[in-house]
Amino acid sequence: MDRLDMLKVFCAVVEAGAFSRAAEKLSMSTSSVTNHVAALEAHFKVRLINRTTRSMSLTEEGRHCHAKALRLLADMGELEAGLRASGNAPAGVLRVDLPNVISRQYVAPALPAFLRRYPEIALRITVSDRMIDLVEEGIDVLVRIGELPDSGLVARKLASTAYVCCAAPSFLQQYGWPQSPESLDQFACLGFLNPRTRMIRPWRFSRDGVEGSHTPKGMVMMDHVESMIEAGKAGCGIIQQMSVSLSPALRNGELVPVLPEWQAAGPDIFALYQPARRETAKVKVFVDFLREIFTL
C-alpha cells in the first residue's frame, strides 16, 4: 500500500471527522479507509486516531502526523501542478492564517477577484490572532499585526497603521470637539481593556515628533474591539483604535477623526512565510494580492 495514499486517506479522515464521511468523499468503502489508516499506524508503530463506535479523536502523534502530512501533500500537489501546468501557473492548496479584522474587513470581500485570477489555487483560511508554528500547523502564509518574534521567517510588510481617535458625528454635534489629549477627560470615552492583563490600554499620541500617552477617564471599558467600535458609532463616546480596524467606519462617515494633529503611528502589518517557500508561486501571488488590498 502506497504511503502517500495512506497519508491522503488519513488526512481525509481527520478533515471529515469520521471514517464513513471520508470514505464517501474519497469514493472508497469504509473498510478500505479503515485499512489505510491501520496500515499507516502499523508503518509508524504508533496509534494516530483513538476511535470508538461513536467518536474519534487524534492522539498527540496523530496531530503531529496530520500537520506534517498536510505540508507533504501540499508540496506534492504543488510539484505536480507546477510540472503539468503550462506557463507555470500558480496552483495547489494554500493554507493561510489571518487575524480576525484582516480576514473580515479586507481579505474576504476581495476573495472573488483573487479566485478569478487564480482558479487553480484552493484556499484553506483559518482565523486567529495567536503566533503559531507554520511548520507544525501546516500554514503557508501567516498575517500578523505588530512586533514580530525572531522566528527566522520571511516577513513582508503589507501596510502601516495609526492610532486614530474618533467619534460619531452625533456625539460631536452634541458635546463638541476635544482640543487636546488632556481635554479628553471632559468627554465620555470608551477605554480598551487588555484581554490578558485586564489593564486599561493608554491612548497614544504624537505631535511634532514628541510621543506621549494619556489614559482618559470613562465609565465604559471593553476588551472587544468590534463591540467598542459599534458603541462608538452609536454615539457612546470617543474611542481610539488602530486605523486598520476603523477604516470602514471612517470611510462611510459613521465615525469622524478627532485630534488628527496628535495622531500616533501604530504597528505594521506583515505577511510571514518560510524562507524555503520564498519562490513558491502560490505564496508569491497571494502575498502580492494582500499588498494590493492595502494599497487600494
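One numbering rule holds for all chains: residues counted from 1, following each sequence as written. Thresholds applied to this predicted model are a pLDDT of at least 70 for local features of residues and 80 or more for the giving and counting of side-chain atom pairs; totals over whole chains, interfaces and linings are not thresholded and use all residues. Hydrogens and water molecules were not included; the side-chain quantities draw on all heavy atoms of the structure.

A. Region of the structure containing the pairing of strand E4 (residues 121–127). Here the rule is simple: two strands pair whenever DSSP picks up at least two bridges between them. Runs of H or I in DSSP of at least four residues are treated as helices and runs of E of at least two as strands, each being numbered from the N terminus. Note that strand E3 (residues 92–98) and E4 share 7 bridges and pair parallel. From the neighbouring strand, Gly-92 faces E4, where its bridge partner is Ile-121. Here is how to tell: hold the view so the strands point away, follow the path from the first strand over the helix to the second, and if it runs clockwise the crossover is right-handed. Read from E3 through helix H5 (residues 100–117) to E4, the crossover connection turns out right-handed.

B. Just H5, in detail. In this analysis, the expected span of each helix is defined as 1.5 Å times one less than the number of residues it contains. When the terminal C-alpha atoms of H5 are compared, their 24 Å separation across 18 residues agrees well with the 26 Å that a helix rising 1.5 Å per residue should span. Throughout, the bend at a residue refers to the angle made by two axes, fitted to the seven residues ending there and to the seven starting there. Maximal helix bending in H5 amounts to about 50°, located at Leu-111; proline Pro-112 follows within four positions. Summary of the burial criterion: residues with accessible area below 20% of their type's maximum are buried, those above 50% are exposed, and those between are partly exposed, where the area comes from a 1.4 Å probe applied to protein chains only. Residues Val-101, Ile-102, Ser-103, Gln-105, Tyr-106, Val-107, Ala-110, Leu-111 and Phe-114 constitute the buried set of H5. Where H5 is buried, its residues touch E3, E4, strand E5 (141–145), helix H9 (243–251), strand E15 (269–273) and helix H10 (281–295). Should any heavy atoms of two residues lie within 4.5 Å, those residues are considered in contact.

C. Just helix H8 (residues 225–233), in detail. Listed in full, the buried residues belonging to H8 are Val-225, Met-228, Ile-229, Ala-231 and Gly-232. With its buried residues spanning 160° around the axis, H8 presents them on a single face. Backbone geometry just after H8 places Gly-235 at a positive phi near 90°. Relevant arc is that of directions from the helix axis to the C-beta atoms, nothing else.

D. Representation of unusual backbone geometry within the structure. With a phi angle near 60°, Ser-27 is a residue other than glycine that sits in the positive phi range. Looking at the secondary structure, you find Ser-27 in the loop between helix H2 (19–26) and helix H3 (30–44). Of the residues examined, Ser-27 reaches a relative accessible area of 69% and is grouped as exposed. Phi is positive for Leu-259, close to 55°, though the residue is something other than glycine.

E. Focus on the nonpolar core. We call a set of buried residues a nonpolar core when its members are Ala, Val, Leu, Ile, Met, Phe, Trp, Tyr or Cys and they connect through side-chain atoms within 4.5 Å of each other. In this structure, Ile-102, Phe-286 and Leu-290 are the most contacted members of the largest nonpolar core, which totals 32 residues. Of all the elements in the fold, those that place two or more residues in this core are E3, H5, E4, E5, strand E6 (154–159), E15 and H10. Broken down by element, the residue count for this core peaks at 8 residues, all from H10. Residues in contact with Phe-286, not counting those within four places in the same chain, are Leu-94, Val-96, Phe-114, Leu-123 and Val-141. In terms of nonpolar packing, the next biggest core, distinct from the first, is built from 20 residues, Val-13, Ala-22, Val-37 and Leu-70 among them.

F. Up close: the confidence of the model for the chain. The pLDDT value tells you how sure the predictor is about a given residue, anywhere from 0 up to 100. In this model, the chain carries a mean pLDDT of 87, and residues with pLDDT of at least 70 account for 93%. Looking at the elements of the chain, mean pLDDT is at its lowest for helix H6 (residues 134–137), recorded as 73, and at its highest for strand E13 (residues 256–258), recorded as 96.

G. Examining the pairing of strand E7 (residues 162–167) more closely. Burial of E7 is extensive: 6 of the 6 residues sit out of reach of the surface. Residues Ala-162, Val-164 and Cys-166 of E7 are buried on one face, and the alternating residues Tyr-163, Cys-165 and Ala-167, pointing to the opposite face, are buried as well. Across 2 bridges, the pairing between E7 and strand E14 (residues 264–265) is antiparallel. Counted as the bridge partner of Tyr-163 is Ala-264 from E14. Sheet topology places E7 next to strand E12 (residues 239–242); 4 bridges connect them, and they run antiparallel. Its bridge partner being in E12, Cys-165 is matched across the sheet by Gln-240. Looking at chain direction, E7 and E13 are connected through 3 bridges and run antiparallel. The partner of Ala-167 across the bridge, within E13, is Val-256.

H. Molecular detail of the environment of Val-256. Residue position: Val-256 is located in strand E13. Separated by 46 residues in sequence, Val-256 and Val-210 place their C-alpha atoms 24 Å apart. If we ignore the near neighbours within four places in the chain, the residues touching Val-256 are Cys-165, Cys-166, Ala-167, Pro-169, Leu-172, Trp-177 and Leu-250.

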